[in-house]
Amino acid sequence: MAPIPSLLLTSAVHHHLIRGKARTRVGLLVEAGDVREVHHVALLVGYGAAAVNPYLAMETAEDLVRSGAITEVTYKEAQKALIKALGKGVLKVMSKMVISTIASYTGAQVFEALGLSHELVDEYFTGTTSRLGGIGLDVIAEEVASRHRRASLTNATERETRR
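Residues numbered from 1 in each chain as written. Predicted model: local features only at pLDDT ≥ 70, side-chain atom pairs only at ≥ 80, totals over all residues. Heavy atoms only, no water.

In this section: the overall build of the protein. Broken down by element type, the protein carries 7 helices and 4 strands. Reading the helices (α) and strands (β) of the protein from amino to carboxyl end gives α-β-α-β-α-α-α-β-α-β-α. Each principal axis of the C-alpha distribution contributes one length, and for the protein these read about 50 × 35 × 30 Å. A total of 163 residues make up the protein; the buried ones form 31% of that total. Sequence-distant contacts in the protein: of pairs separated by 6 or more residues, those separated by 24 or more amount to 45%. Surface accessibility of the protein: about 10,600 Å² in total, with carbon and sulfur atoms responsible for 58%. (Helix = DSSP H or I, 4+ residues; strand = E, 2+ residues; numbered from the N terminus. Buried < 20%, exposed > 50% of the residue type's maximum accessible area, 1.4 Å probe, protein only. Contact = heavy atoms within 4.5 Å. Areas by Shrake-Rupley, 256 points an atom, 1.4 Å probe, with all protein chains shown as cover.)

What follows is the structure in structure tokens.
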């Protein structure tokens, strides 16, 4: 039940569609809880996402307003500010790469992989430069499973505390 990391999944689907000659007929919309910052959005778009919904970041902004940790704005304003900041951040990343349109950036893979094995990059991030090598799918799977177990235990403990 643990989620596949959104970047890994997006890139894998993007490349599968390219190999199947169907990429131009499909738009990838990514709704992900692991998107927390500009770099995450920039990578997802750079590896094929046409749109990104960082739902957990939006829910977190709402929760911070409702709990009083953020004041003087409504939760809708906080969410709007988050989306604006992420959008402006991606535009800044694009401008540093001298890319002027989102269409030119989407799926362009203008990044270098650091810390990922050559096999993983070749399979799921085809065409991306990776000079160093690193971890494989087995390590990523174990890390995801470990985070999922910890989150499940935390949620179970919180449910028991509320009873």
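Attention shifts here to the packing of helix α2 (residues 38-46) against helix α4 (residues 75-96). It is at 9 Å that the axes of α2 and α4 come closest, and there the two elements cross at 60°. As far as their axial angle goes, α4 and α2 are oblique. In terms of crossing hand, the pair formed by α2 and α4 is right-handed. Residues Val-38, Val-41 and Ala-42 of α2 lie in contact with α4, whose contacting residues are Ala-85, Leu-86, Gly-89, Val-90 and Val-93. Per-class residue counts for the contact of α2 with α4 are 7 nonpolar, 1 polar and no charged. (Axes fitted to C-alpha atoms, helices over the stretch in contact; angles between N-to-C directions. Parallel < 35°, antiparallel > 145°, perpendicular 65-115°, else oblique. Left-handed = near helix turned anticlockwise from the far one by under 90°. Nonpolar A, V, L, I, M, F, W, Y, C, P; charged D, E, K, R; others polar.)

As a further point, take the confidence of the model for the protein. When pLDDT drops low, the exact placement of atoms in the prediction is not to be read closely. When pLDDT is averaged across the protein, the result is 91; 94% of the residues are at 70 or more. Mean pLDDT values over the elements of the protein span from 82, in helix α7 (residues 137-162), up to 96, in strand β1 (residues 28-31). (pLDDT = per-residue confidence, 0-100.)

The next point concerns the side chain of Thr-128. Looking at where Thr-128 falls in the secondary structure, it is placed in the loop between α6 (118-124) and β4 (134-135). For Thr-128, a relative accessible area of 8% translates into the label buried. Polar contacts involving the side chain of Thr-128 include one to the main-chain carbonyl oxygen of Phe-125, which spans 2.9 Å. (Polar contact = N/O pair within 3.5 Å; in protein donor to acceptor, adjacent residues only side chain to side chain.)

Attention now goes to α4. In a regular helix each residue adds 1.5 Å, so 22 residues correspond to 32 Å; α4 covers 32 Å between its end C-alpha atoms and thus fits that length. Those residues of α4 not exposed but buried are Ala-78, Gln-79, Leu-82, Leu-86, Gly-89, Val-90 and Met-94. Considered in projection along α4, the buried side chains sweep an arc of 150° and stay on one side of the axis. Those residues of α4 that are exposed and aimed more than 90 degrees away from the buried face are Lys-76, Lys-80, Lys-84, Lys-88, Leu-91, Lys-92 and Lys-96. Taken together, the buried residues of α4 touch α2, α3 (55-66) and α5 (102-105). (Expected span 1.5 Å × (residues − 1). Arc of directions from axis to C-beta.)

So, about a nonpolar patch on the surface. The grouping of Ile-4, Leu-9 and Val-13 at the surface amounts to a nonpolar patch, some 240 Å² of accessible area in total. Its place among the elements puts Ile-4 in the segment before α1 (6-19). (Patch = residues over 30% accessible without salt bridge, like charges linked within 9 Å, V, L, I, M, F, W, Y side chains within 5 Å. Salt bridge = Lys/Arg side-chain N within 4 Å of Asp/Glu carboxyl O.)

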